[in-house]
Amino acid sequence: MAKRKYSIESRVDYSVILPVFFLLLIGLVAIYIATSNDSPTAVMKVMTQQVVWILLGCGIAFVVMLFSTEFLWKITPYLYGLGLVLMVLPLIFYSPALVESTGAKNWVTIGSVTLFQPSEFMKVSYILMLSRYSIWFRQKYKEDSLANDWKLLGVFALITLPVMILLGLQKDLGTAMVFAAILSGLVLLSGISWWIIAPVLILVVLLIGGFLMIFLLPHGKDLLHSLGMDTYQINRISAWLDPFSYARTIAYQQTQGMISIGSGGFAGKGFNVIDLSVPVRESDMIFTVIAEDFGFLGSVAVLGLYLLLIYRMIHVIFESNNRFYTYIATGFIMMILFHIFENIGAALGILPLTGIPLPFISQGGSSLITNLICVGLILSMSYQNNLHREEEMRKHFRRSDRY
């Protein structure tokens, strides 16, 4: 009986690659529009950088796709340790001017050159570490009990605390919220009892409600500032709660973004038609470009691509039947969902601005490469599934040849 020949191409899940490809393409178009209107002399430089980052990210994703489950399991603690070391660097090598404008020390800058944002790469290591030790813990403690659930939360805390401390030192609240979203997804997946989760959720809601009540008091902002809250954080929340009262000052970016989105209407103004000025349009506010030029239809198309990508990732999870991969994919899904929700929500004025980029679309290398690495991990799941099927087919053919 003739045996089928297998190749790398036959093991690649193109249904995951396709939505990512179109999102990257939309990103290039949106960045070109933003840059050609805001910084015409820098178009070639910005576009070249973005293409280089895409190619670099795709190359790394291809390598990651070939990782075996065993190899990924073994290197996870080393990646986590490396991530923590890298996150110390922005506290030493930073740009005072950048810190003054953003309020955070989250970029590694040497001289006048801004290199990368270590917390973006830490997201991958963090997802892997939580996934690995969730599996390890459930294998060691098989009994379902509240005591074991508290122990598992302790393990999660030991993994999470160093990351949050470093993010606190960097004053990067937006990224800390992303890590919290990843943690919440994996806590739910790990099977921790709702007798523990429900009180924590209630406490979080009460704390947020209490914070907003204090913030809205006549002297609430002064009180929060005296307790250590930074001025730029107070300004961002003020701009979110009442943007048009601060439209000429601290809420200029948010109000301009909201007006820009609304001006696009149903079908948009057309390619490269920008009438409003929106600060940082090429990265944090990239959704305003899509909405203004391509309108409601273009915005829905982008959201549809994200939904398709998430659907395909969930499909890979069900096919893999591997708990380690399931945890990894869940962490990535929570990360990408939070990025989408926060970035677009901030552009619409529903949420405060936090500087979180739109996955695969915003200009910038660190976030883009990190997201592509995560796509590589998803492709690795599908790749390993196909390898397993090929092995089963070879066994079938060997048995057939005996008869």
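This structure is a prediction, so every number in the text was calculated from the model and none was measured.

(A) Seen up close, the pairing of strand β2 (residues 113-116). As paired elements, strand β1 (residues 108-110) and β2 share three bridges and run antiparallel to each other. Each bridged residue has a counterpart across the sheet, and for Val-108 the counterpart in β2 is Phe-116. Hairpin connection of β1 to β2: two residues between the antiparallel strands, including Gly-111 at a positive phi of 65 degrees.

(B) Structural detail: unusual backbone geometry. Phi angles above zero are rare outside glycine, and Lys-171 is one such case at about 60 degrees. The topology assignment puts Lys-171 in the loop between α7 (146-170) and α8 (173-189). Judged by relative accessible area, Lys-171 falls into the partly exposed class, the value being 40%. Positive phi outside glycine occurs at Phe-360, with the angle close to 70 degrees. Here Phe-360 is to be found in the loop between α14 (323-348) and α15 (365-401). Residue Phe-360 is classed as buried on the basis of its relative accessible area, which comes to 2%.

(C) Broad picture of the side chain of Ser-190. Positionally, Ser-190 belongs in the loop between α8 and α9 (194-216). The exposure class of Ser-190 is buried, given its relative accessible area of 6%. Aside from chain neighbours lying at most four places away, what touches Ser-190 is Arg-138, Leu-152, Phe-156 and Tyr-327.

(D) Highlighting the pattern of salt bridges. Summed over the entire model, instances satisfying the criterion amount to seven salt bridges. When the shortest N-O distance is used, the salt bridge between Lys-171 and Asp-230 registers 3.7 Å. Highlighted residues: Lys-171 in the loop between α7 and α8 and Asp-230 in the loop between α10 (220-226) and α11 (231-241), separated in sequence by 59 residues. The partner of Glu-292 in a salt bridge is Lys-269, and the shortest N-O contact between them spans 2.8 Å. Residue Glu-292 is found in helix α13 (residues 286-320), and its partner Lys-269 is found in the loop between α12 (252-263) and α13; the two are separated by 23 residues along the sequence. On the basis of relative accessibility, which here comes to 0%, the residue Glu-292 falls in the buried class. Judged by its relative accessible area of 27%, Lys-269 falls in the partly exposed class. Each of the salt bridges in this network shares a partner with another, and the network as a whole consists of Lys-269, Asp-275 and Glu-292.

(E) Representation of a nonpolar patch on the surface. Where nonpolar side chains cluster on the molecular surface, the patch consists of Tyr-14, Ile-17, Leu-18, Phe-21, Phe-22 and Leu-25 and spans about 560 Å² of accessible area. In this structure, Ile-17 sits in helix α2 (residues 14-38).

(F) Region of the structure containing the nonpolar core. Val-163, Tyr-306, Ile-328, Phe-332, Ile-336 and Phe-360 are the most contacted members of the largest nonpolar core, which has 93 residues in total. For this core, the element with the highest residue contribution is α14, accounting for 14 residues. Counting residues in each nonpolar core, the second largest holds five residues, with Phe-215, Leu-224, Met-229 and Ile-234 among its members.

(G) Local environment of the side chain of Ser-380. Checked against the element boundaries, Ser-380 lands in helix α15. Relative accessible area serves as the criterion here: at 1%, Ser-380 is assigned to the buried category. Each residue touching Ser-380, except ones within four places of it in the same chain, is listed here: Val-64, Met-65, Phe-67 and Tyr-325.

(H) Examining α13 more closely. The end-to-end C-alpha distance of α13, which contains 35 residues, comes to just 35 Å, noticeably less than the 51 Å that a straight helix rising 1.5 Å per residue would cover. The sharpest bend along α13 comes to roughly 130 degrees, located at Phe-294. Taken from the residues just after α13, Asn-321 is the one with a positive phi, measuring 55 degrees.

(I) Expanded view of the environment of Ile-261. Tracing the backbone through its elements, the reader meets Ile-261 in helix α12. A residue is classified by how much of its surface remains accessible, and Ile-261, at 15% relative accessible area, is buried. Along the sequence, Ile-261 and Ser-299 sit 38 residues apart, while their C-alpha atoms lie 9.6 Å from each other. Not counting residues up to four positions away in its chain, the partners in contact with Ile-261 are Phe-287, Thr-288, Ala-291, Ala-347 and Leu-348.

(J) Structural view of the packing of α12 against α13. It is at 7 Å that the axes of α12 and α13 come closest, and there the two elements cross at 25 degrees. The angle between α12 and α13 falls in the class roughly parallel. Crossing hand, α12 versus α13: left-handed. In this structure, α12 contributes Gly-257, Ser-260, Ile-261 and Ser-263 to the contact, and α13 contributes Phe-287, Thr-288, Ala-291 and Glu-292. When its residues are assigned to classes, the contact of α12 with α13 shows three nonpolar, four polar and one charged.

(K) View of the packing of aromatic side chains. Inspection of the entire model under this criterion finds 12 aromatic pairs. Measuring from centroid to centroid gives 5.4 Å for Phe-21 and Phe-22, while their planes differ by 70 degrees, and the two rings are edge-to-face. Relative to Tyr-141, the ring of Phe-137 lies with its centre 4.6 Å away and its plane at 35 degrees, an arrangement referred to as tilted. Look at Phe-137 and you get buried, because its relative accessible area is 2%. The class of Tyr-141 is partly exposed, set by a relative accessible area of 26%. Aromatic ring contacts, followed pair by pair, group Tyr-133, Trp-136, Phe-137 and Tyr-141 into a single cluster. Cation over ring: Lys-105 sits above Tyr-94, and NZ or CZ is 4.3 Å from the ring centre. Cation over ring: Arg-132 sits above Tyr-133, and NZ or CZ is 5.3 Å from the ring centre.

Cut-off values and rules
- Residues numbered from 1 in each chain as written.
- Predicted model: local features only at pLDDT ≥ 70, side-chain atom pairs only at ≥ 80, totals over all residues.
- Heavy atoms only, no water.
- Pairing = 2+ DSSP bridges.
- Helix = DSSP H or I, 4+ residues; strand = E, 2+ residues; numbered from the N terminus.
- Buried < 20%, exposed > 50% of the residue type's maximum accessible area, 1.4 Å probe, protein only.
- Contact = heavy atoms within 4.5 Å.
- Salt bridge = Lys/Arg side-chain N within 4 Å of Asp/Glu carboxyl O.
- Patch = residues over 30% accessible without salt bridge, like charges linked within 9 Å, V, L, I, M, F, W, Y side chains within 5 Å.
- Areas by Shrake-Rupley, 256 points an atom, 1.4 Å probe, with all protein chains shown as cover.
- Core = buried A, V, L, I, M, F, W, Y, C linked by side-chain atoms within 4.5 Å.
- Expected span 1.5 Å × (residues − 1).
- Bend = angle between axes of the 7 residues up to and from the residue.
- Axes fitted to C-alpha atoms, helices over the stretch in contact; angles between N-to-C directions.
- Parallel < 35°, antiparallel > 145°, perpendicular 65-115°, else oblique.
- Left-handed = near helix turned anticlockwise from the far one by under 90°.
- Nonpolar A, V, L, I, M, F, W, Y, C, P; charged D, E, K, R; others polar.
- Phe/Tyr/Trp six-rings, centres within 6.5 Å; stacked < 30°, edge-to-face > 60°.
- Lys NZ or Arg CZ within 6 Å of the ring centre and 35° of its normal.

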